Amino acid sequence: QAISCKGQHSISYTLSRNQTVVVEYTHDKDTDMFQVGRSTESPIDFVVTDTISGSQNNDETQITQSTISRFACRIVCDRSPPYTARIFAAGFDSSKNIFLGEKAAKWKNPDGHMDGLTTNGVLVMHPKGGFTEESKPGVWREISVCGDVYTLRETRSAQQRGKLVENETNVLQDGSLIDLCGATLLWRTADGLFHTPTQKHIEALRQEINAARPQCPVGLNTLAFPSINRKDVVEEKQPWAYLSCGHVHGYHNWGHRSDTEANERECPMCRTVGPYVPLWLGCEAGFYVDAGPPTHAFTPCGHVCSEKSAKYWSQIPLPHGTHAFHAACPFCATQLSGEHNCVKLIFQGPID
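Position labels on residues start from 1 in each chain and follow its written sequence. Per-residue local features are limited, in this predicted model, to residues with pLDDT of at least 70; the limit for side-chain atom pairs, both in listing and counting, is 80 or more; totals at the level of whole chains, interfaces and linings are taken over all residues. Only hydrogens and water are set aside; all other atoms, that is, all heavy atoms of the structure, feed into the side-chain values.

**Regarding the pairing of strand β10 (residues 122-125)**
- Classification of residues uses two cut-offs on accessible area relative to the type maximum, computed with a 1.4 Å probe and protein chains only: under 20% is buried, over 50% is exposed, and between them is partly exposed. Secondary structure elements follow DSSP: runs of H or I of four or more residues count as helices, runs of E of two or more count as strands, with numbering from the N terminus. Of the two faces of β10, the one lined by Val122 and Val124 and the one lined by Leu123 and Met125 are each fully buried.
- As paired strands, β10 and strand β11 (residues 140-143) are joined by four bridges and run antiparallel to one another. Across the sheet, Met125 pairs through a bridge with Trp140, a residue of β11.
- Sheet topology note: the β10/strand β13 (residues 177-179) ladder contains three bridges and is antiparallel. The residue bridging Leu123 from the neighbouring strand is Asp179, located in β13. Pairs of strands are assigned from DSSP output, requiring at least two bridges between the strands.

Following this line, the structure appears as structure tokens:
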């Protein structure tokens, strides 16, 4: 009856072909529930698609089989201050049900309530020290259907659950990362965003760096970061950088070391060999941990942001596939490489 009742939320735990435990949920006037997943049905409030590395979201990029669940997770927020938000694995479908099939990891807790994990799991990482200049990466955990915190399974969809972490909760903090196996979301609080640099501030930093008239040390032509809304077309004055050393130049076509490694170029300033790429100002303000000037570039994509933001994201191991982790550029999701995943840029001022 609970499953067929359209107004009643319930979770079904299938134990075997002839045994299912159904847990009924009641309405709560003190909280609001928001659901995240790739389904476009009405119960999903935030439709999430797979993140394509390098942000090449063009028509040619055919997403093969998405690993993001149709009803991936739900977030329950208190209606009264401090508006605490809690995350739970799995979301209720259009008939207000969650079904955990026979193969899903599920169990009965000592206090008698049923719990389980979704196929690819919902992982959460709370940074140490919030989302500030002092932040350090935290530890990735898995969140259960009832919101308990577990250590990670051996692989993403292993049958055996991790260990219960009793001193941690499913409460989201400013800067918490939520991984849905195919996309990673950054949770920002209203208070956190209040202290974050704005789009206007990033634009002011861009104008400030351009006003200093950085020059190409070889061509002696003035360089300028293109405006934020021109972020796809490489412009004539665009700064380029050698990512092994950080020397900033204008575009030039020499310095190729070999025909095979198309992007291995020798810097004319210091002879260091490495990738040579156009620089782009990272324009999503929510990713910045401070309001510092754009002095560092991620390698190998060339997105530029403040030193502390670059160093923070270059240390974060983001889940990749079923059991790998690697750092990625927050602006385009490109996997980071190089000695420190980012490089300090060396600009040449005007000679006059």
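Moving on, there is more to tell.
**Things to note about empty space enclosed by the protein**
- A pocket here means an open set of points on a 1 Å grid, computed over the protein atoms alone, that has protein on both sides within 12 Å along at least five of seven lines. A cavity is instead a set of points where a 1.4 Å probe fits but cannot get out; residues with an atom within 4 Å of a point line either one. Grid points are joined across faces, edges and corners, and a volume is the space filled by probe spheres set on the points. Evaluation of the coordinates by the stated rule reveals two cavities of 30 Å³ or more.
- Estimated volume of the second largest cavity: approximately 30 Å³.
- In terms of lining, the second largest cavity is formed by Val124, His126, Arg141, Ile143, Val149, Glu168 and Thr169.
- Residues are sorted three ways: Asp, Glu, Lys and Arg are charged, Ala, Val, Leu, Ile, Met, Phe, Trp, Tyr, Cys and Pro are nonpolar, and all the rest, Gly among them, are polar. Of the residues contributing to the lining of the second largest cavity, the split by class is three nonpolar, two polar and two charged.

**Observations concerning the sheet that holds strand β19 (residues 280-281)**
- Taken together, the four strands give an open sheet; going across it, the order is β19-β21-β20-β24, and neighbouring strands pair in mixed fashion. In this open sheet, the two strands that pair with only one neighbour each are β19 and β24 (342-344).
- Summarising the sheet, strand β20 (residues 294-298) and β24 pair through three bridges and their orientation is antiparallel. If you follow Ala297 over to β24, its bridge partner there is Val343.
- Throughout, a contact is declared for two residues whenever any of their heavy atoms are within 4.5 Å. The axes used here are C-alpha line fits, helices contributing only the stretch in contact, and every angle between their N-to-C directions lies in the interval 0 to 180 degrees. On top of the sheet, helix α3 (residues 307-315) reaches β20, β21 (303-306) and β24; it is set at about 25 degrees to β20, its chief contact.

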